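# Coordinate inspection notes
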Amino acid sequence: MTRSQIVDWALSLYEDLDFYQARQWASETPSGKAVGHLPVYAPREVIHASKMLPVGIYGGGDQVEIIRGDAFYQSYICHIPRSVVELCQAGNFDFLSGVLFPSTCDVIRNLSGMWQLLKPEQYVRYVDLPQIGDPQLGSKFWGQEIRTLVRDLGEISGSPANEDQLRESVALFNESRQLIRALYEKRSKEPWRIPTEELYLLMRAGEIAPVEIFNEKLRTYLAAADEGDYPVKDRSRVVVAGAFCEQPPLGLIKTIERAGCYIVDDDFLVGNRLLLSDVSLDGSVVDNLARSFFSDSEKTSVLYESDPEGKKKLMKARVDAVNADGIIFAAPSFCDPALLDRPMLRKGAEENNIPCIAFKYAENTGQFQQFREQAGTFSDSIKLWGGQ
Amino acid sequence: MKCYVGIDLGSTTTKAVVLDEDQRILGRGITNSRSNYDLAAAVAREEAFITARFGLMRKAVEASAGGKLLDRLLKGFRVSQNIAQLIRLRELIEEQANISIADGLRSAAAKKIGQIFDRIREEEEAWFADENPAARSDFFRDSAGSAYMRLAEEIGEQGGVSFDMLIALYDKCIIRVENEPLELGFEQHIGAALERIGGAAEVQHGIDSALSTKLEERCTVGTGYGRARLPFPKEQIRSEILCHGLGAHAMFPDTKTVLDIGGQDTKAIQVDDRGIVTSFQMNDRCAAGCGRYLGYIADEMNIGLHELGPLAQKATRQVKINSTCTVFAGAELRERLSLGEKREDILAGLHRAIILRAMSLLARSGGVQDQFTFTGGVARNPAAVRALEQLVEENYGAKTINISEDSIYTGALGAAIFAHREDQS
Amino acid sequence: MANADKSDTAQKDQSMVIQKRMIADHFKRLEKAPETKEPVVYTFVPGNLTELIRSFDCLPLLPEINALQSGMRGKSRDYIAEAERIGHSEDVCTYVKCDVGMLKAGNIGPTGTKLPEPDLLLLSYTGCYTFMKWFELLREEYKCPTVFLQIPYQGDGTLAPEHRQYIIDQIKESVIPALEKISGKKYDEEKLRHYLALSAQAEDDLVAVLNSAKNKPSPIDSYFGGVYYVGPIFSAFRGTQDGVDYYRALRKEVEDRVERGEGPVTPDGPLDDQKYRLVVEGPPNWTNFREFWRMFADESAVAVASTYTKVGGTYDYGFRHDPNDPLGTLADYCGGCYTNINLPGRIDMLVDYIREFEADGFIINSVKSCNSFSAGQLMILREVEKRSGVPGAFIESDLVDPRYFSAANIKNRLESYLQMLEARRQGA
């Protein structure tokens, strides 16, 4: 496939809310089954090792008209659970044999209970991610949780994963994460080669496509991104933070870049690269997977920060890592993790003289005028006055 | 005859319905709401009794007098009421002018005020004489207000008395006229009305019959929310949701689900086969998607509220509007227009968005069951009705949708039925 | 006769007198803590380890309770405004904003005394995500040690054995060492057992009080009155002799009211003639607490059971602190708090209450800034209606932000609902 064909492929998956392609792929797994998960993080390799297709569920974005979903949620709750419930009620998730609900926030948590009532025939598990700072105790707990998943998912697929299968799967997802990191790195170094809207669509595709196919597409895209000349535009380099669960509409991502920014780092779909280095394949893979979570994982608003200086330092570290000029804090309305974290993160950034702007969106925001203006002004001010 | 009264104090209008002992509607009255609740209720009630008496009269002289004559009589009646209020308004404005206008300008002001009121009076007479007069508001406040303002401007600045000064006088005094009890009943003005049409003998006996029928008000029930105090004793108050459900059931006995989109709130109500509410949901924390929102849109587009629906029906493509927030209505509209969207397409999208909100509320209250009654000002909007029909069909299958022209009286009707039931027990 | 009357009033007031004194003394101690060097531990109501904290002679302080008190005393509006001014979103939990605002305004507590800074933040992560952020924020302000106690969620309706062990291990390996460090004392299991035994006693009496609502008329209002009753046991007084005394006195008062066929005392006087028995889900509104209560009392409606009074423990389902298994019982306690129960479990509880307390209906007070309670309540409404056969009312307000309490809206919904119940009753 050529580069633009890959992007088209990714776009078609992004728009496929009937999960037509995903259902095909699910039927092609040895078990013929699929297990979904909500944002932010789920150990997809375990689903894969159990011979099932992992399917990331990110709601309906701006493509679904909400009628039934609003009957479940008051107006002061974020949008993603509405579209998820809407799709659920419409039968779009009927092909799943189970859904994992990671401990992202109280809305996702309560949704797990709702799902038990809405879909009694599906396996539902609330996955309590380990929050404590103690790596020993924490990884013991997390290792147990992963083992529980291995057992339960094995029962569902009829094909419980053994050590070798787990190793194989982890290896594949290690590669996936390497490729994603490589892509992010290339974008941060040469953003003119990799428009964020393309990167984003690829990442969304990765939530649904079988890991083997995804890895191949990533490799091809990476190679293609090196070819050809791309004009270097005079844009400000920004980090986008806060959009790790309910996703912004594609139009918003495009708007930010077109308004004069290169997005050189973001936390969209951060679960797909939460583990920052390869999980060791020596010895017990489950224990290694559990330990990786502690030793080398990305910081996020949904997990407790045990370092008292952590929140303050975080944004400077991220800005420095990609040589960014400023930060756009973009959070969904009513998002507890993003909005409660924001004052701490922003304070830390501003204490380090990093320019910031902040706004809220919803997954179905249809008007981008105000974001265009804000991002545009921000970009200009950075160029003119270093954002002061 | 025994009769039962229901009064609904809404945010914009106050309505009253009078029923006879067989629960048939004798009369209906409506007036603009105002700060003196007792008076608003009294005026609405009075109006209902007026129409009740006209109704009795009509029955009595149906054959002999003919419809046209009776219509003229009613017209004359309204004029007589208006004149009484105009006289009072003029009195108050002249008094107020003496207090608040500076010495040097007082006589110029008096002259101008005189001219304005003489002209309004002339126009009132002309309206009466005209066979096909232009439509105007039924409410004195609105018709007098717009006439006063137009004439104040037309007559032009004279001797330093500015337009703003005159409007200030009007604003101060209209409130007082509205909140003072005035004699505006059937008995007080039917004589004058009869004189205006030349004292037709055919009608006289109808009038006598109407006047002599004793209308014994057995019980009154009031409803309306957002009021610190309703002007009724506690046992005679019913929630507007219950009144609304019962009223809808009375209008359409097979009603199971009621949707009311009012000026500021939306209600979804489920009723049983006796018209008793079994569940309800309110959207009263914000006016998005309610009548007022459409009002803002109409203002932004510089068209009349009643033109929104027909314009929306001319749409040729789907424009998705995601937010019906009243605060941003204007901005959203302007942005869309600047992007090249056509007005009718945007409006179609807006109407759909409003109805989508209503659909959520309906889903929360228990869905849409057959038959489905749609009430409130927005129910008169053809584009809204069309969007509702589509969305109901898509989500609940074909359902009978009932809409009545008199749906604004639904709450008052329900209250009157409660009054009837109260008296039986 | 006169004597009997006097002792009657004395008894009626005794529990309130005890409670007032307990609270005043506690805040005095807190005020003096910087001098007396009593270590202060900030923690949360759900999953609070009061007995453990006290066994180290530390003083517990509950920011949630400060926030709700600020709400009741009319201070929360300004505190929230200040928090929003310094960058907190309008969308987030108003307890947090109120606390942050109070901190910025000098940390004067609800009784007018200055609150001490924490020596330790005991972040008991029990069924509320916001707790995590709250203490991350406070940690930045106070720069003090923080210990995170993760209570796994009862996603499947029970506390799994390995999760129970995880809690115990954390208490052993993180919480106890942290308490030892700030107090300079060693873990004293005997002392802990002693306090746990006192807790169990008080819990027995509390449950008797809660169950008294099964009587007709109910001698208590289990929602508005209930929040006063659970105050001591949810906070610094569980495991103390004061706590035991309070609940014993309260129980006696309530039992006396049952004998006399009396109802609870509401802001408008005693409610003996009770027309509607209701179960209530959701936290109360604190800024307009009395006004809200009056809306019920005016209509002769009494709350016979509530879920909010279980956020500090579901004692009515049989849980008692067990001195024979000190750490295990703490784990069980934390796991069983209402906020940690899954949605189907919450539905079951509401249906149980409606049946056992013979309720005519139920009310859900949906609070804008609390996702933990509110997300899913519309589904809870429908499911409980379906299973119990009684209709539910849905009211919306907030915890401590007065901008989100609209008396007219709430009254309208509540009155409409009760009239609906009445009409059903008459029609039947």
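Keep in mind the model is a prediction, meaning the values are calculated, not measured. (Residues numbered from 1 in each chain as written. Chains lettered and ligands numbered in written order. Predicted model: local features only at pLDDT ≥ 70, side-chain atom pairs only at ≥ 80, totals over all residues. Heavy atoms only, no water.)

### Digging into the domain arrangement of chain A
By a widespread convention, an interface's size corresponds to the accessible area lost as its parts come together. Residues and elements named next belong to chain A. Our working definition: Start and end points for every domain follow an automatic or database-based domain assignment. The criterion used for residue contact is that any of the two residues' heavy atoms lie within 4.5 Å. Accessible surface is computed with a 1.4 Å probe, and the buried area is the amount of it that two parts give up when combined, taken over both parts together. Salt bridge, as used here: a side-chain nitrogen of Lys or Arg that lies within 4 Å of a carboxyl oxygen of Asp or Glu.
Looking at chain A, the domain boundaries give domain 1 (3-165) and domain 2 (228-385). Once you take the C-alpha centre of each, domain 1 and domain 2 turn out to be 23 Å apart. Counting residues at the interface gives 38 residues for domain 1 and 31 residues for domain 2. Together domain 1 and domain 2 conceal approximately 2900 Å² of surface at their shared face, both sides included; 65% is due to carbon and sulfur atoms. Where domain 1 meets domain 2, there are one salt bridge. Taking the shortest distance from any N to any O, the salt bridge between Arg147 and Asp287 comes out at 3.2 Å.

### Things to note about the domain arrangement of chain B
Residues and elements named next belong to chain B. To be explicit about the condition: Think of a polar contact as two N or O atoms within 3.5 Å of one another; within protein, one of them needs to be a possible hydrogen donor and the other a possible acceptor, and neighboring residues in sequence only count if both atoms come from side chains. Classes in brief: Ala, Val, Leu, Ile, Met, Phe, Trp, Tyr, Cys and Pro nonpolar; Asp, Glu, Lys and Arg charged; the others, Gly included, polar.
Each assigned domain of chain B is listed with its residue range as follows: domain 1 (1-64 + 203-250), domain 2 (74-178) and domain 3 (253-403). Taking the mean C-alpha position of each, domain 1 and domain 3 sit 29 Å from one another. With eleven residues of domain 1 in contact, the opposing surface of domain 3 contributes 19 residues. Both sides of the domain 1 and domain 3 interface together cover about 1200 Å² of buried area, and 63% of this is carbon and sulfur. For domain 1, the biggest contributors to the area lost against domain 3 are Ile241, His244 and His249; these three give 49% of the whole. Applying the counting rule to domain 1 against domain 3 returns one salt bridge. Note that Glu240 is salt-bridged to Lys267, the shortest N-O span being 3.2 Å. Counting the contacts that link domain 1 with domain 3 gives four residue pairs in polar contact (both at pLDDT 80 or more). Here the side of domain 1 that touches domain 3 is composed, by residue class, of six nonpolar, four polar and one charged.

### A short note on helix α10 (residues 250-258) of chain A
Residues and elements named next belong to chain A. To keep it simple, the criterion reads: Burial status follows relative accessibility: with a 1.4 Å probe on protein chains alone, a residue under 20% of its type maximum counts as buried, one over 50% as exposed, and anything between as partly exposed. Numbering of helices and strands runs from the N terminus; a helix is a DSSP stretch of H or I covering at least four residues, while a strand is a stretch of E covering at least two.
When α10 is considered as a whole, its buried residues turn out to be Leu250, Leu252, Ile253, Thr255, Ile256 and Glu257. On its buried face, α10 sits against α1 (3-15), α8 (196-208), β6 (261-266), β7 (326-332), β8 (356-361) and α14 (369-385). Once α10 finishes, Gly260 follows within two positions and takes phi at roughly 120 degrees, a positive value.

### Description of the environment of Ala297 of chain C
Residue and element names in this part refer to chain C. Among the secondary structure elements, Ala297 is positioned in helix α11 (residues 289-298). A residue is classified by how much of its surface remains accessible, and Ala297, at 11% relative accessible area, is buried. For the pair Ala297 and Thr158, spaced 139 residues apart in sequence, the C-alpha separation works out to 37 Å. Sequence-distant contacts of Ala297, that is, excluding residues within four places in its chain, are made with Thr266 and Leu271.

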